[in-house]
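# Geometric and topological summary
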Amino acid sequence: MASSHTYGILKGVSSNVQNERYRLATVEVLIGRGTACQIQLKDPKVSRQHARIRFHQGVVTIEDLKSAHGTLVNGVQVTSAQLRGGEELTLGDTRFRFDLVAVAAPTPQPVAPVPVPQPAVAQVAQPAVPPSTPDTPKSRRWLPFLAGLAIPFILGIVGVAALLVLGFFDDPDELPDVRQAMPTIEATASEQAETVPFTLRPYDPATDSNLPLQSNLAVYDDEGTDSGYLYELPLVVGQEVILDYFYCGTSEAILEEISGSILVSFEINGETVADEFKHVEKMVRDTRACYTTSVIFQAHSPGEHVYVQTMTATEQINDGWETWGPEELVTRILIRVEGDATAPLEPTQPVLSTSQPVEPTIGVSQPSEPTLTLHIGDARMFSTPPEVIAYANTQASPAPPEIAIDEDCGEDCFRFNEWIGFRGANQWIEGYATVPTTAIGVQFWGDANDGLARVYLNGTEIWSGDTRGEDNQWPGGAFVRYLEISGLPEDNHSLIVESLGEGGAVTLYFFGIGAVIP
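Residues numbered from 1 in each chain as written. Predicted model: local features only at pLDDT ≥ 70, side-chain atom pairs only at ≥ 80, totals over all residues. Heavy atoms only, no water.

### What about the nonpolar core?
What counts here: Only buried residues count toward a nonpolar core, which is a set of Ala, Val, Leu, Ile, Met, Phe, Trp, Tyr and Cys residues joined through side-chain atoms within 4.5 Å. Under the scheme applied here, a residue whose accessible area is under 20% of the maximum for its type counts as buried, over 50% as exposed, and between as partly exposed, the area being computed with a 1.4 Å probe on protein chains only. Here a helix means four or more residues in a row that DSSP labels H or I, a strand means two or more in a row labelled E, and each is numbered from the N terminus. Every residue pair with non-hydrogen atoms within 4.5 Å of one another is taken to be in contact.
Formed by 31 residues in total, the largest nonpolar core has its most connected members in L233, Y247 and F297. If you list the elements that add at least two residues to this core, you get β14 (231–236), β15 (240–249), α5 (252–259), β16 (262–268), β19 (289–299), β20 (303–313) and β23 (327–338). Looking at this core, the element that brings in the most residues is β19, giving five residues. Each residue touching L233, except ones within four places of it in the same chain, is listed here: Q214, L217, A218, V241, L243, I333, L334, I335 and R336. Grouped together as the second largest cluster of nonpolar side chains are 27 residues, A390, C413, A433 and I485 included.

The following block contains the structure:
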């Protein structure tokens, strides 16, 4: 029920709401980024429903609605606080001054004192004092005790004598030297294997599907031009990882047509990986077909290894998306292994049973902790792509009902087909899952002119980095990465990407929901 008059005014203080005035004239006013809020803010650090101001019986209170960044009153974070006028309210990066408008505060009612009952004092019974007895001479008091000791002493002497007579003890001079009897421990085969820097084996789909891919662990080297490596792959001693490379066509027929003109090779420390260690598998989906070459790499001691992937098109080919070749695409990766080879290994990820296939799911709560992964490549091309995607530029491609897109683009953004780019600082775009999901992600598509970005999950910063790339492996840009957060509780989740205005633009292609597998 609405109140009959204005009871308060919010005056904008921060730059994003400066000179703005919001009249509070209903008993409850929601503040946040969501469309259901009476005061809707364009601030990526403000939750969709961030706080609520209530007017009840002449008292004005502000209540935080479990927001990611909290609600502050005069610089102090609160869950609920009474407002009397003149307070500064902070929600995310947005600040207001609250002014009270002729609201009478309720008269406090006296509280009758509550009598405190006094505990009863318990009467503790005193032990009865035994009647006094005549003193007994000390010598007589010890006689029963000494008699008790004499009997077991005599029995012990008799028992030892009997054992000696029967021969239960050998001659002490004939006892073996225990120190000389310790066995010599030989080194086991596994301990000898640890002296080998690393081992390779073919990928086994039946047992290795839960191992991490190199794309899950590799870190983009933004100084790769100088170092000679495009990525660094950090590992620990004993950890296994799948080294893989794939090429695709828009159909199985096209894939078979171009496969005869494409060669894939791996090198580690200058040595070519033999075919006996490779596993080649074809994956066919409705919109594409791919050949994947995989090798399992396991390090046994700390060190660095140079890993080179090469895909060679021996002639001009058309994969259904574009025509290219003849050319050679070379990716150099530095494998950096750390850890103590003698220390016990901790599992790098949960071990899942291989008795039943593990399927990615959407809308089902997962027991694992949330995981952030920066996948290499276009997520639409993965073996398991996002279940639903929404392109960033909704003017070119409207968003589906499962994902809502909101943006604060201003005049410094550019649009091209489904892409959108932000040039100015603090500009942002949000993808909000309108249906419950356990995984959400965003597809970056940066080139040599792009710059720094920050990503928020449900209002909390989870990643920041450089979206610039220069290897030209992908058409239209080099930093082609899908940032995914998986293992989330089943709920409506939000991702916000914010441009920091440093180094260049931030270019996005789409948001997605549902777990992916590259």
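### Side note on the sheet that holds strand β8 (residues 76–78)
Heads up, the rule is: The pairing criterion for strands is at least two bridges between them, as found by DSSP. Interaxial angles span 0 to 180 degrees and are taken between N-to-C directions of axes, which are lines fitted to C-alpha atoms, for helices over the stretch in contact.
Read from one edge of the open sheet, six strands run β2-β1-β11-β10-β7-β8, paired in antiparallel fashion. Only two strands of the sheet have a single neighbouring strand rather than two, namely β2 (21–24) and β8. Here the strands of the sheet are splayed against their neighbours by 30 degrees on average, with no regard to which way each runs. Relative to strand β11 (residues 94–100), strand β10 (residues 88–91) runs antiparallel, the two sharing four bridges. Counted as the bridge partner of L89 is F96 from β11.

### A few points about the environment of V295
Position of V295 relative to the elements: it lies in strand β19. In the structure, V295 is positioned 95 residues away from L200 in sequence and 6.8 Å away in space, judged by C-alpha atoms. The residues contacting V295, other than those within four sequence positions of it, are L200, R201, V241, I242, L243, F266, V273, F277 and K278.

### So, the packing of aromatic side chains
Note the following rule: Between 30 and 60 degrees the pair is tilted, below 30 it is stacked and above 60 it is edge-to-face, where a pair is any two Phe, Tyr or Trp rings, Trp via its six-membered ring, whose centres lie within 6.5 Å. Two limits define a charge over a ring: the Lys NZ or Arg CZ must be within 6 Å of the ring centre, and within 35 degrees of the ring normal.
This structure, assessed with the given rule, holds 12 aromatic pairs. Here F198 and F297 contribute two aromatic rings whose centre-to-centre distance is 5.1 Å and whose plane-to-plane angle is 25 degrees, an arrangement assigned as stacked. You can see F198 sitting in strand β12 (residues 198–202) and its partner F297 sitting in strand β19, a full 99 residues away along the chain. On the accessibility criterion, F297 (0% relative accessible area) is buried. Taking 5.8 Å as the distance between ring centres and 70 degrees as the angle between the ring planes, the aromatic pair formed by W419 and W445 counts as edge-to-face. Of this pair, W419 sits in strand β28 (residues 419–422) while W445 sits in strand β30 (residues 440–446), and the two are 26 residues apart along the sequence. W419 sits in the buried class, given a relative accessible area of 17%. Note on W445: relative accessible area 7%, which makes it buried. Aromatic ring contacts, followed pair by pair, group Y391, W419, W445, Y482, Y509 and F510 into a single cluster. Over the ring of F266 we find K278, and its NZ or CZ is 5.9 Å from the ring centre.

### A closer look at unusual backbone geometry
Phi angles above zero are rare outside glycine, and N19 is one such case at about 70 degrees. Considering the arrangement of structural elements, one finds N19 in the loop between β1 (8–12) and β2. Even without being a glycine, N74 presents a positive backbone phi close to 55 degrees. Tracing the backbone through its elements, the reader meets N74 in the loop between β7 (71–73) and β8.

### Focus: the sheet that holds strand β6 (residues 59–64)
Here five strands make up an open sheet; going across it, the order is β4-β3-β5-β6-β9 and the pairing mixed. Either end of the sheet is taken by a strand with one partner, and the two such strands are β4 (39–40) and β9 (80–83). As paired strands, strand β5 (residues 51–56) and β6 are joined by six bridges and run antiparallel to one another. Bridge pairing in β6 places R52 opposite E63.

### Some words on the pattern of salt bridges
Basically, it comes down to this: The working definition used for a salt bridge is a side-chain nitrogen of Lys or Arg within 4 Å of a carboxyl oxygen of Asp or Glu.
This model, assessed by the stated rule, comprises 20 salt bridges. Across the pair R97 and D99 runs a salt bridge whose closest N-O atoms are separated by 2.9 Å. R97 gets classed as partly exposed once you look at its relative accessible area, which sits at 40%. The residue D208 makes a salt bridge to R201 at a minimum N-O spacing of 2.8 Å. For R201, a relative accessible area of 28% corresponds to the partly exposed category. Here the residues in one salt-bridge network are K11, R97 and D99, joined through shared partners.

### A short note on the side chain of D319
The test is simple: Positive charge is attributed to Lys and Arg, negative charge to Asp and Glu, and no charge count is given to His or to the chain ends.
Tracing the backbone through its elements, the reader meets D319 in the loop between β21 (317–318) and β22 (323–324). No salt bridge forms around the buried D319; measuring N to O, its nearest opposite-charge neighbour R380 is 11 Å away.

### Things to note about the pairing of β19
Where burial is concerned, most of β19 is hidden: 11 out of the 11 residues are buried. Side-chain alternation along β19 places A289, Y291, T293, V295, F297 and A299 on one buried face and C290, T292, S294, I296 and Q298 on a second face that is also buried. Relative to β19, β12 is paired through five bridges, and the arrangement is antiparallel. Considered in β19, the bridge of F198 is made with A299. By the bridge criterion, 10 bridges tie β15 to β19 in an arrangement that is antiparallel. Within β19, the position partnered with L243 by the bridge is V295. Note that strand β18 (residues 279–284) and β19 share six bridges and pair antiparallel. From the neighbouring strand, K282 faces β19, where its bridge partner is Y291.

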